[in-house]
Amino acid sequence: ESNENNNVRGALIVLEGLDRSGKTSQCSRMHSYLVEQGIPVELWRFPDRNTCVGQMISSYLANKSQLDDQTVHLLFSANRWEKRSLMESKLKSGTTLIVDRYSYSGVAFSSAKGLDIEWCKAPEKGLLAPDLVLYLDISPEEAAERGGYGGERYERLEFQRKVSQQYRILRDETWKIIDACLPLEDVEKRLRELALDCITDCRNGKSLSP
Ligand code: DGP
Ligand code: NA
Ligand code: NA
């Protein structure tokens, strides 16, 4: 009843964390749960490897092509920009988006290579701001012990340590930090609660910010 224009919108919910933090499986669990609750929701991820830009990124990550750090940074950003208008229309039409990685990954991974952090942030400006950032917190050492680093370019302990430091610089008081080493079900439950609260706030008229 609080929404006079009937413009109930979906929530933009982002999950971030190191490789092997459990993000991807938690995203899909959250997605299934929200579907069961009858909430209009889609599961997205970045990089989106399905687009032409995404295929360039994928080949770079697989070490099948070489690109300099600035170039690949801008490709990751372009990959988010190419989905921006679809993202906006989904949210405005009431669909909640669960997004596995977003601009924070962009800045954390590239600045971990030594690129200037402000330079890294610049191309992300103007993308839609998330309503909720959920950070799955795990030390690089614990993540590495989980095994199954897939062999992609960034999946090395030394580099993940640097990424972890950059995430620390980026995080602010609005982020929700979840201990990724708790039992899977506890992590899942906490994420659900936070997501449901956020979806409710958005339905009650919290506006979409650039
Ligand atoms: P994923 O598909 O979530 O495993 O991501 C692939 C790898 O790419 C992973 O190591 C994280 C990294 N990554 C994700 N987004 C970005 C980005 O925007 N910029 C950079 N440099 N790396 C990213
Ligand atoms: Na990965
Ligand atoms: Na992942």
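As the structure is a computational prediction, the values presented were derived from the model and not from experiment.

Basis of the calculations
- Think of each chain on its own: its residues are numbered from 1, step by step along the sequence as written.
- Numbering of ligands from 1 and lettering of chains from A proceed in the order in which they are written.
- Only residues with pLDDT of at least 70 get local features here, since the model is predicted, and only at 80 or more are side-chain atom pairs given and counted; chain-wide, interface and lining totals rely on the full set of residues.
- Side-chain metrics in this entry use all non-hydrogen atoms of the structure; hydrogen atoms and water are not considered.
- For helices the rule is a DSSP run of H or I covering at least 4 residues; for strands it is a run of E covering at least 2, with both sets numbered from the N terminus onward.
- To estimate how far a helix should extend, the number of its residues minus one is multiplied by 1.5 Å.
- Relative accessibility under 20% of the residue-type maximum defines a buried residue, over 50% an exposed one, and the middle range a partly exposed one, all with a 1.4 Å probe and only protein chains included.
- To obtain the arc, one takes the directions from the helix axis to the C-beta atoms.
- The contact criterion used throughout is that any non-hydrogen atoms of two residues lie within 4.5 Å.
- Coordinating donors are taken as N, O and S atoms within 2.8 Å of the metal, stretched to 3.2 Å for Na, K and Ca; because water is absent from the atoms, sites can appear incomplete.
- Nearness of a residue to a molecule or strand requires only that one of the residue's heavy atoms be within 4 Å of it.
- By the criterion applied in these results, polar contacts are pairs of N or O atoms within 3.5 Å in which, for protein atoms, one can donate a hydrogen and the other can accept it, and in which residues neighboring in sequence qualify only through two side-chain atoms.
- Only the protein chains shown count as cover for residues, and all accessible areas are computed by the Shrake-Rupley method using a 1.4 Å probe.
- Classes in brief: Ala, Val, Leu, Ile, Met, Phe, Trp, Tyr, Cys and Pro nonpolar; Asp, Glu, Lys and Arg charged; the others, Gly included, polar.
- Axes here mean lines fitted to C-alpha atoms, for a helix over just the part in contact, with angles spanning 0 to 180 degrees between N-to-C directions.
- Here is the rule for angles: anything less than 35 degrees is roughly parallel, anything more than 145 is roughly antiparallel, 65 through 115 is roughly perpendicular, and the remaining ranges are oblique.
- Two helices cross in a left-handed way if the nearer one is turned anticlockwise from the farther one by less than a right angle. They cross in a right-handed way if the turn is clockwise.
- When DSSP finds two or more bridges between two strands, those strands count as paired.

Visitor: Looking at this model, I keep getting lost on helix α8 (residues 157–170). Mind explaining?
Guide: Note that an α-helix has 3.6 residues per turn; residues three or four places apart therefore point the same way. Its 14 residues place the ends of α8 20 Å apart at the C-alpha level, agreeing with the 20 Å of an ideal helix rising 1.5 Å per residue. Every buried residue of α8 is accounted for by Phe159, Gln160, Val163, Ser164, Gln166, Tyr167 and Leu170. Looking straight down α8, one finds its buried side chains confined to an arc of 165 degrees; they lie on one side. In α8, the exposed positions that point more than 90 degrees away from the buried face belong to Arg168 and Ile169. Contacts made by the buried residues of α8 are with β1 (12–17), α5 (103–111), α6 (117–121), β4 (132–137) and α7 (140–145).

Visitor: Can you walk me through the environment of leucine 184 in this structure?
Guide: With respect to the helices and strands, leucine 184 occurs in helix α9 (residues 184–203). Residue leucine 184 is classed as partly exposed on the basis of its relative accessible area of 40%. Between the C-alpha atom of leucine 184 and that of arginine 161, which follows or precedes it by 23 residues, the distance is 23 Å.

Visitor: How do you make sense of the coordination of the sodium ion (ligand 3) when you look at a structure like this?
Guide: Six octahedral donors around a metal ideally subtend angles of 90 or 180 degrees, whereas four tetrahedral donors ideally subtend 109.5 degrees. Within the protein, the sodium ion (ligand 3) binds to Lys23 (NZ) and Thr24 (OG1); these donor distances fall in the range 2.7 to 3.2 Å. If you look at the sodium ion (ligand 3) and the sodium ion (ligand 2), they sit 4.5 Å from each other. Look at lysine 23 and you get buried, because its relative accessible area is 5%. By relative accessible area, threonine 24 is classed as partly exposed at 36%.

Visitor: I'm lost on the site of ligand 1 in this one. Help?
Guide: Around ligand 1 sit 13 residues in total, of which Asp19, Phe76, Arg80, Arg101 and Gly106 are the nearest. A distance of 2.8 Å is found between an oxygen atom of ligand 1 and a side-chain nitrogen or oxygen belonging to aspartate 19. Within the contact set of ligand 1, an oxygen atom lies 3.2 Å away from a side-chain nitrogen or oxygen of arginine 49. Protein chains bury 95% of the 490 Å² of accessible surface belonging to ligand 1 in isolation. Broken down by secondary-structure element, the contributors of at least two residues to the shell around ligand 1 are α3 (69–81) and α5. When residues of the shell around ligand 1 are assigned to their parent elements, the largest contribution, 4 residues, is made by α5. Each residue belonging to the shell around ligand 1 can be placed in one class, and the counts come to 5 nonpolar, 3 polar and 5 charged.

Visitor: For this particular structure, what's the right way to read the packing of α5 against α8?
Guide: Think of two packed helices as two axes; the pair is described by the angle between the axes and how far apart they sit. At their nearest, the axes of α5 and α8 sit 8 Å apart, and the two run at 130 degrees to each other. By the criterion of interaxial angle, the relationship of α5 to α8 is oblique. Handedness of the α5/α8 crossing: right-handed. Packed against α5, whose contacting residues are Tyr104, Ser105, Val107, Ala108, Phe109 and Ser111, the element α8 presents Phe159, Gln160, Val163, Gln166, Tyr167 and Leu170 at the interface. Grouping the constituent residues of the contact of α5 with α8 by class yields 8 nonpolar, 4 polar and no charged.

Visitor: So what exactly am I meant to see when it comes to the sheet that holds strand β2 (residues 41–45) here?
Guide: Within a beta sheet, neighbouring strands are joined by backbone hydrogen bonds and run either parallel or antiparallel to one another. Strand order in the open sheet made by the 5 strands is β2-β3-β1-β4-β5, with parallel pairing throughout. The open sheet is flanked by β2 and β5 (176–179), the only strands paired with a single partner. Strand-to-strand twist of the sheet, defined as the mean angle between neighbouring strand axes without regard to direction, takes the value 20 degrees. One ladder, built from 4 bridges, connects β1 with strand β3 (residues 96–100); its direction is parallel. Paired with valine 14 across the two strands is valine 99, which belongs to β3. Packed onto the sheet, α9 meets β1, β3, β4 and β5 and runs at close to 170 degrees relative to β4.

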